[in-house]
Amino acid sequence: AHLAALVLARGGSKGIPLKNIKLLAGVPLIGWVLRAAIDAGVFHSIWVSTDHDEIEKVAKQFGAQVHRRSPEVSQDSSTSLEAITEFLNHHQEVDIVGNIQATSPCLHPSDLIKVADLIQKEGFDSVFSVVRRHQFRWSEVKKGENKMTEPQNLNPAKRYRRQDWPGELYENGSFYFAKRHLIEKGYLQGGKMAYYEMRAEHSVDIDIDIDWPIAEQRVLSFGYFGKEPLKEVKLLVCSIDGCLTNGRIYVTEDHKEMVSYDYRDIVGIDLLKKRGIQVRLISDRDCSKTLSAMQLGCVAKVNVTNKLQVLKDWQEDMGLSWKEVAYLGNEETDVECLKQAGMSGVPADACAAAQKAAGYICKSRGGCGAVREFAEHIFLLLEKVNSARKQ
């Protein structure tokens, strides 16, 4: 049976414009679930259903195929079932749809693998995700009604301690798997049904967690970052022009060059050094005088024609694995380095090719705090590494 993953990502959003591709912890929101779906290895095809060009572009960057949905199922009033039904009408080869919500960035491949087994091997017609909550419910009393509220799931005289109460299961909206025959009858949940209980820390819903910084902290702590385990970064290589500086060169009347930089980036470099992370600089052009004036105290290589070779030489000389190397670049000459490094980032104004190759896209532009921001990202991921070690 052909099992297809389908992510619905309409361009319109009343709350956050183009929310589905808004950067969350440096990755487009939709990228988190697509990464998990691809690495799960259980889907015969992975699709994004959208009506927007930019979402289509991002979806393809992450390896998904794109179904261009019609205007009829792209309205504010359109339901998920309508969009899924339209998708099936255009793809007769699909037998089972795994509808994955783009707003659930802490989804892990291990969850999808287990759900695929439930529906393919154990014969369930539909499987959906739930989370266990320990919340006491009370009946609602509408304004003006002369009534008392009533307990719904507790005895107030004998309140449970959390550890003595199993709690209740609630849909968390992360995914809904269903077979074609069920969807064609107008159901996403029906037939022989099963729920799949996700861990509470993985049940992050951006539709609920509207506070984006809080959601980012949750993702950095509990999100899925790829098949290989994270390692502690020991080397950051930063491209000078366009990352440490804004890429502009000012020429005086006496033919002297001047560049500008942001002091926050210098602080970021100092913080990295204090954490035991070496910082090295690289440039396509000869900017020795600029580096001398900045007095950064970093190993630097300028006038480089092959950045990847220099990066490999440094990695080998330090005896590091690629997972221990981070790279911040912004131009096409940085693309291969971004692909090779275990952790990669680009400023907000980096070229399209560099953005596509990077794992993290800064909110800051080059020369305007991007180095400091990427340093903070490294620190957060180091906390994740240390937390994993303790566990």
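Every residue gets a number counted from 1 within its own chain, in the order that chain's sequence is written. Owing to the predicted nature of the model, reporting of local features is limited to residues with pLDDT of at least 70; listing and counting of side-chain atom pairs is limited to 80 or more, with chain, interface and lining totals taken over all residues. Heavy atoms throughout the structure, all of them, feed into the side-chain values; hydrogens and water do not.

The chain has the name N-acylneuraminate cytidylyltransferase in an unreviewed UniProt entry, where Zosterops hypoxanthus is given as its organism. UniProt positions are given in the numbering used here, feature names are shortened, and annotations may be inferred rather than shown by experiment. Taken directly from UniProt, the Catalytic activity (unreviewed entry) text for the chain runs: "an N-acylneuraminate + CTP = a CMP-N-acyl-beta-neuraminate + diphosphate".

### A short note on the overall build of the chain
Helix and strand counts for the chain stand at 13 helices and 17 strands. Principal-axis analysis of the C-alpha atoms gives the chain an extent of 80 × 55 × 45 Å. Here's how the labels work: a residue is buried when its accessible area is under 20% of the maximum for its type, exposed when over 50%, partly exposed in between, all with a 1.4 Å probe on protein chains only. Relative to its 391 residues, the chain shows a buried fraction of 50%. A separation threshold of at least 6 residues defines the contact pool for the chain, and within that pool the share at least 24 residues apart is 65%. Where accessible areas are quoted, they stem from the Shrake-Rupley method and a 1.4 Å probe; at the residue level, only the protein chains shown are allowed to cover. As presented, the chain carries roughly 19,800 Å² of accessible surface, and 48% of it is formed by carbon and sulfur atoms. Side-chain charges of the chain comprise 51 positive and 52 negative groups, with the mean position of each set lying 5 Å from the other. We count a stretch as a helix when DSSP gives it H or I for four or more residues in a row; a strand needs E for two or more, and each element gets its number in order from the N terminus. Any two residues whose heavy atoms approach within 4.5 Å are treated as being in contact. Counting rule for charge: Lys and Arg are taken as positive, Asp and Glu as negative, and neither His nor the chain ends is counted. Just so you know, the charge point we use is NZ for Lys, CZ for Arg, CG for Asp and CD for Glu.

### Here we look at the layout of surface pockets
Every definition here rests on a 1 Å grid over the protein atoms only: cavities are sets of points where a 1.4 Å probe fits but cannot get out, pockets are open sets enclosed by protein on both sides within 12 Å along at least five of seven lines, and lining residues have some atom within 4 Å of a point. Grid points are joined across faces, edges and corners, and a volume is the space filled by probe spheres set on the points. In this structure, the largest pocket spans a volume of roughly 1,200 Å³. Along the walls of the largest pocket sit 39 residues, with Arg-35, Phe-62, Ala-357, Ala-358 and Gly-359 positioned nearest its centre. When residues of the lining of the largest pocket are traced back to their parent elements, those giving at least two are strand S3 (27-28), helix H1 (29-40), helix H2 (53-61), helix H11 (335-340), strand S16 (343-346), helix H12 (352-357), strand S17 (360-361) and helix H13 (370-390). Taken together, the residues of the lining of the largest pocket sort by class into 21 nonpolar, nine polar and nine charged. Here the term charged refers only to Asp, Glu, Lys and Arg, the term nonpolar to Ala, Val, Leu, Ile, Met, Phe, Trp, Tyr, Cys and Pro, and the term polar to all other amino acids, Gly among them.

### Overview of the domain arrangement of the chain
Structurally, the chain comprises domain 1 (3-222) and domain 2 (235-389). Taken together, the 10 residues of domain 1 in the interface contact nine residues of domain 2. As a working definition, buried area equals the accessible area (1.4 Å probe) given up by two parts on being put together, with both sides summed. Here domain 1 meets domain 2 over a buried area of about 810 Å², counting both sides, of which 59% is carbon and sulfur. In the sections that follow, a salt bridge refers to a side-chain nitrogen of Lys or Arg positioned within 4 Å of a carboxyl oxygen of Asp or Glu. The interface formed by domain 1 and domain 2 holds one salt bridge in total. With a shortest N-O distance of 3.4 Å, Lys-363 and Glu-216 are connected by a salt bridge. For the purposes of this description, domain bounds are those given by an automatic or database domain assignment.

### Considering the packing of aromatic side chains
Geometry of aromatic contacts follows a simple scheme: Phe, Tyr and Trp rings, the Trp one being its six-membered ring, pair when their centres are within 6.5 Å, and the pair is stacked under 30 degrees between planes, edge-to-face over 60, tilted otherwise. A complete count under the given rule lists eight aromatic pairs for this structure. A centroid spacing of 5.6 Å and a plane angle of 65° characterise the contact between Trp-47 and Phe-87, whose relative ring orientation is edge-to-face. You can see Trp-47 sitting in strand S4 (residues 45-50) and its partner Phe-87 sitting in helix H3 (residues 80-90), a full 40 residues away along the chain. Across this residue pair, the class does not change: Trp-47 and Phe-87 are buried.

### Comments concerning the pattern of salt bridges
Here the structure, examined in full by the defined rule, presents 21 salt bridges. In this structure, Glu-324 engages Lys-234 in a salt bridge whose closest nitrogen and oxygen atoms are separated by 3.4 Å. Placement of the pair is Glu-324 in the loop between helix H10 (307-318) and strand S15 (325-328) and Lys-234 in the loop between helix H6 (212-222) and strand S10 (235-239), with a sequence separation of 90 residues. On the basis of relative accessible area, Lys-234 is assigned to the partly exposed category, the value being 37%. One salt-bridge network, in which partners are shared between bridges, spans Asp-53, Glu-56, Lys-60 and Arg-68.

### Side note on helix H4 (residues 109-120)
For a helix, the expected span equals 1.5 Å multiplied by the residue count minus one. Taking 1.5 Å per residue, 12 residues should reach 16 Å; H4 reaches 16 Å between its end C-alpha atoms and fits that length. On its buried face, H4 is in contact with strand S1 (3-8), H1, strand S6 (96-100), strand S7 (126-133), strand S8 (168-179) and strand S9 (193-198).

### Considering the environment of Ala-59
Its place among the elements puts Ala-59 in helix H2. Taking C-alpha positions, Ala-59 is 31 Å from Gln-309, a pair spaced 250 residues apart along the chain. Ala-59 has contacts with Leu-34, Val-48, Ala-64 and Val-66, leaving out every residue within four places of it along the chain.

### Regarding the nonpolar core
Formed by 44 residues in total, the largest nonpolar core has its most connected members in Leu-244, Leu-281, Phe-374 and Ile-378. When residues of this core are assigned to their parent elements, the largest contribution, eight residues, is made by H13. Shared between two domains, this core holds at least three residues of each, these being domain 1 (3-222) and domain 2 (235-389). Excluding residues that lie within four positions of it along the chain, Leu-281 makes contacts with Cys-238, Ile-240, Leu-244, Leu-291, Leu-296, Cys-298, Val-299, Ala-300, Lys-301 and Trp-314. As used here, the term nonpolar core means buried Ala, Val, Leu, Ile, Met, Phe, Trp, Tyr and Cys residues forming a set that is joined through side-chain atoms within 4.5 Å. Residues Val-48, Ile-55, Val-115 and Ala-116 belong to the second largest nonpolar core, which totals 37 residues.

### As for the pairing of strand S5 (residues 65-68)
For two strands to be treated as a pair, DSSP must find no fewer than two bridges joining them. In terms of strand pairing, S4 meets S5 through four bridges, oriented parallel. Each bridged residue has a counterpart across the sheet, and for Val-48 the counterpart in S5 is Val-66. Crossover connection from S4 via H2 to parallel S5: handedness right-handed. The handedness rule is simple: strands pointing away from the viewer, and a clockwise path from the first strand over the helix to the second, make the crossover right-handed.

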